[in-house]
Amino acid sequence: QVRLVESGGGLVQPGGSLRLSCAASGSIFSSFAMGWYRQAPGKQRELVASINRSGLTNYADSVKGRFTISRDNAKNTVDLQMNSLKPEDTAVYYCNAYRVPSDYWGQGTQVIVST
C-alpha cells in the first residue's frame, strides 16, 4: 500500500511558476514509476509528466520545455516544477505511483493560473 500526499498548488499569474511536491509513504518508493496527471473541469484526466525507476522522464507535448519532473528516492518525493504557466494549465494535479499490478493516486492539489 502507498499513500500519496500532494502539496504546492495555488493561484499564480500567467507566466509565473509553481512547484508541486508529492510525498509517498508505505511501500518501497524507488520501485514505482511516478507521474503527475491533471484534470481540468469538464475534461478527462491526462498525463502531464512521468519518471520511471531509472529516472527516464516523459512529458505531454503541451508542457515540454516548461515543466520538469524529478524524484528523490531518499526522501520518497516526486516534484513537478512548473514554469511559464498558462491559463490552460489550470487543473487539479494528481500524483500517481505505478508498479504492476498496483496503481495509487493522491487526493490532488488545485492549480489556478489567472490574472
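Residues numbered from 1 in each chain as written. Predicted model: local features only at pLDDT ≥ 70, side-chain atom pairs only at ≥ 80, totals over all residues. Heavy atoms only, no water.

A. Structural context of the environment of Gln-13. In this structure, Gln-13 sits in the loop between strand 2 (10-12) and strand 3 (18-26). Exposure remark for Gln-13: the relative accessible area of 54% places this residue in the exposed category. Along the backbone, Gln-13 and Thr-115 are 102 residues apart, and their C-alpha atoms lie at a distance of 5.2 Å. Residue contacts for Gln-13: discarding those within four places in its chain leaves Val-113 and Ser-114. (Helix = DSSP H or I, 4+ residues; strand = E, 2+ residues; numbered from the N terminus. Buried < 20%, exposed > 50% of the residue type's maximum accessible area, 1.4 Å probe, protein only. Contact = heavy atoms within 4.5 Å.)

B. Examining the pairing of strand 5 (residues 46-51) more closely. Note that strand 4 (residues 33-39) and strand 5 share five bridges and pair antiparallel. Considered in strand 5, the bridge of Trp-36 is made with Ala-49. Linking strand 4 back to strand 5 in an antiparallel pair, the connection comprises six residues, with Gly-42 at a positive phi of about 80°. Note: strand 5 against strand 6 (residues 57-59), three bridges, orientation antiparallel. By the bridge assignment for strand 6, Ile-51 is matched with Thr-57. (Pairing = 2+ DSSP bridges.)

C. How the structure looks around the state of the cysteines. Taken as a whole and assessed by the stated rule, the structure comprises one disulfide. With its sulfur 2.1 Å from that of its partner, Cys-22 forms a disulfide with Cys-95. Taking the torsion about the sulfur-sulfur bond, which here is approximately -85°, the covalent link between Cys-22 and Cys-95 counts as left-handed. Of this pair, Cys-22 sits in strand 3 while Cys-95 sits in strand 9 (residues 91-99); the two residues are 73 residues apart in sequence, bridging distant segments of the chain. Like Cys-22, the residue Cys-95 is buried in the burial classification. (Disulfide = S-S within 2.5 Å.)

D. Main features of the sheet that holds strand 7 (residues 67-72). Spatially, four strands are ordered 1-3-8-7 in an open sheet, and the strand pairing comes out antiparallel. Of all the strands in the sheet, just strand 1 (2-7) and strand 7 have a single pairing partner and so form its edges. In this sheet, neighbouring strand axes are inclined to one another by 15° on average, regardless of whether the strands run parallel or antiparallel. Two strands pair when backbone bridges link them, and strand 7 and strand 8 (residues 77-82) are joined in this way by six bridges, in the antiparallel orientation. When the sheet's bridge partners are listed, Phe-67 is paired in strand 8 with Met-82. (Axes fitted to C-alpha atoms, helices over the stretch in contact; angles between N-to-C directions.)

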